[in-house]
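Residues per chain are reported as follows:
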Amino acid sequence: MDYKNAGVDIEAGYRSVELMKEHIKKTMRPEVLTNIGGFSGAFSMDAVKKMENPVLVSGTDGVGTKLKLAFLLDKHDTIGIDCVAMCVNDIACAGGEPLFFLDYIACGKNVPEKIAAIVGGVAEGCAQSGAALIGGETAEHPGLMPEEEYDLAGFAVGVVDEKDLITGADLKAGDVILGIASSGVHSNGFSLVRKVFPMEKEALMTYYEELGGTLGETLLTPTRIYVKALREVKEAGVRVKACSHITGGGFYENVPRMLPEGMRAVIRKDSYPVPAIFHLLAKKGEIEEHMMYNTYNMGIGMAVAVDPADVEKAKAAITAAGETVYEIGYVEAGEKGVDLC
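Residues numbered from 1 in each chain as written. Predicted model: local features only at pLDDT ≥ 70, side-chain atom pairs only at ≥ 80, totals over all residues. Heavy atoms only, no water.

1. What to know about the sheet that holds strand 8 (residues 242–245)
Overall, mixed pairing links the 6 strands, which are arranged 8-10-5-11-9-12 in an open sheet. Both outer strands of the open sheet, strand 8 and strand 12 (337–340), are each paired with one neighbouring strand and no more. The average angle at which neighbouring strand axes cross in this sheet is 25°, direction not considered. Relative to strand 11 (residues 325–333), strand 5 (residues 176–181) runs antiparallel, the two being bridged by 5 bridges. The partner of V176 across the bridge, within strand 11, is Y330. (Pairing = 2+ DSSP bridges. Helix = DSSP H or I, 4+ residues; strand = E, 2+ residues; numbered from the N terminus. Axes fitted to C-alpha atoms, helices over the stretch in contact; angles between N-to-C directions.)

Here is the structure:
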């Protein structure tokens, strides 16, 4: 008896690491002091010495049951982007600049080419956000997980000068809320998605005219990464007063998180186009509107509050970063919360 007969293939693990290295190379930053394959990742803090009071910010998350679609369609090269996005977008919400990222893959069986495809997506997400992929872990769990399945999670660390932290503390009535478009469902609400649509390959391969593609490719579209857009806004000299990453819980849970007591957000639902996938979800699942806005991003992945005088400058910066932006609402005095009208 040996470890391979017990279900753990050490040689496959070595092969996975070798295949990963080409993807990881493109994420390197000058501050990275170690190579992949060591016991830990080392990252120099020299780059933050110019800050008056550097503050570390962190984020951790997974992809959730969106992974089920990747299994069914045997498509694993974009799911890593989702994992990175869920972590670095939260860091960006605080005004932070992502520095480095680590991933964790638990699988029933280590298939090196599949693991490399997953990590390739992680590396792409890191490249989009400017974070270095400095380490990770692939754990083979025979008997605990089906051989064809895996779970993916990540952890990111960023930095921000304390004076630039986005806290919402200086929000005032009349401030404008800008919405940066999402790419679709992103990585939240897939437990409900899987109840609405049959999780069968034939159903996922069905082409929908209104989607402009198949259901599966629409649902697997990776989460947008908003780090560059928020960086551009800052470099344009605009102070972001408050920021909300619209994830699980939709507008009703996430928008209030960026508000101080005594401030209320008003969002105009007709101020931007809701992507077709959400209309299809609501129709097929007979999901009432409040539940849709309480579950999904409904086409807005990030909400950003700025002073009215900075609106045009902020919109121009976000557009220059390659994102689509809408003026979706405003802040008023009142009980902390959000009104959708």
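On we go from here.
2. Details of the side chain of D82
Mapped onto the elements, D82 comes out in helix 3 (residues 79–93). In terms of polar contacts, D82 uses its side chain to reach the side chain of T223, at 2.6 Å. Contact partners of D82, with chain neighbours within four places excluded, come to V63, K66, H186, S187, T221, P222 and T223. (Polar contact = N/O pair within 3.5 Å; in protein donor to acceptor, adjacent residues only side chain to side chain. Contact = heavy atoms within 4.5 Å.)

3. Here we look at the packing of helix 8 (residues 227–235) against helix 12 (residues 311–320)
A pair of packed helices is captured by two measures, namely the crossing angle of their axes and the spacing between those axes. Between helix 8 and helix 12, whose axes approach to 8 Å, the crossing angle comes to 140°. Looking at the two axes, helix 8 sits oblique to helix 12. The handedness of the crossing between helix 8 and helix 12 is right-handed. In this structure, helix 8 contributes A229, E232 and V233 to the contact, and helix 12 contributes A314, A317 and I318. Per-class residue counts for the contact of helix 8 with helix 12 are 5 nonpolar, no polar and 1 charged. (Parallel < 35°, antiparallel > 145°, perpendicular 65-115°, else oblique. Left-handed = near helix turned anticlockwise from the far one by under 90°. Nonpolar A, V, L, I, M, F, W, Y, C, P; charged D, E, K, R; others polar.)

4. Observations concerning helix 8
Turning to helix 8, its buried residues number three or more, namely V227, A229, L230 and V233. Projected down its long axis, helix 8 carries its buried residues within an arc of 165°, all on one side. Backbone geometry just after helix 8 places G237 at a positive phi near 85°. (Buried < 20%, exposed > 50% of the residue type's maximum accessible area, 1.4 Å probe, protein only. Arc of directions from axis to C-beta.)

5. Digging into the packing of aromatic side chains
Evaluation of the coordinates by the stated rule reveals 5 aromatic pairs. Judged by centre distance (5.2 Å) and plane angle (45°), the ring pair of F43 and F100 falls under tilted. In this pair, F43 sits in the loop between helix 1 (10–25) and strand 1 (54–62) while F100 sits in strand 2 (residues 97–107), placing the two residues 57 residues apart along the sequence. Given the relative accessible area of 12%, F43 is considered buried. Ring centres of F71 and Y150 lie 4.9 Å apart, and the angle between their planes is 75°; this geometry places the pair in the edge-to-face category. Of this pair, F71 sits in helix 2 (residues 67–73) while Y150 sits in strand 4 (residues 150–161), and the two are 79 residues apart along the sequence. Across the ring face of Y293, the terminal group of K269 is positioned such that the distance to the ring centre comes to 5.8 Å. (Phe/Tyr/Trp six-rings, centres within 6.5 Å; stacked < 30°, edge-to-face > 60°. Lys NZ or Arg CZ within 6 Å of the ring centre and 35° of its normal.)

6. Remarks on the pattern of salt bridges
In total, this model carries 20 salt bridges according to the counting rule given. Measuring nitrogen to oxygen at the nearest pair gives 2.7 Å for the salt bridge that ties R231 to E97. Taken together, the positions of R231 in helix 8 and E97 in strand 2 put the pair 134 residues apart, joining distant regions of the chain. Note that D164 and K234 form a salt bridge whose closest N and O atoms lie 3.5 Å from each other. Taken together, the residues span a long stretch of sequence, with D164 in the loop between strand 4 and strand 5 and K234 in helix 8 at a distance of 70 residues. You can call D164 partly exposed: its relative accessible area is 22%. The class of K234 is partly exposed, set by a relative accessible area of 47%. (Salt bridge = Lys/Arg side-chain N within 4 Å of Asp/Glu carboxyl O.)

7. Some thoughts on the environment of F155
Turning to its location among the elements, F155 is positioned in strand 4. Of the residues examined, F155 reaches a relative accessible area of 35% and is grouped as partly exposed. Along the primary structure F155 and L102 are separated by 53 residues, whereas in three dimensions their C-alpha atoms are 5.3 Å apart. Those residues within four positions of F155 in sequence are excluded, and the remaining contacts are S58, G59, T60, C87, F100, F101 and L102.

8. Description of the sheet that holds strand 4
A sheet is described by the order of its strands in space; here 4 strands give the open sequence 1-4-2-3, paired in mixed fashion. Each edge of the open sheet is held by one strand with a lone partner, namely strand 1 and strand 3 (132–140). Neighbour-to-neighbour, the strand axes of the sheet open up by a mean angle of 15°, direction not taken into account. Relative to strand 4, strand 1 is paired through 9 bridges, and the arrangement is antiparallel. Bridge pairing in strand 4 places V55 opposite V160.

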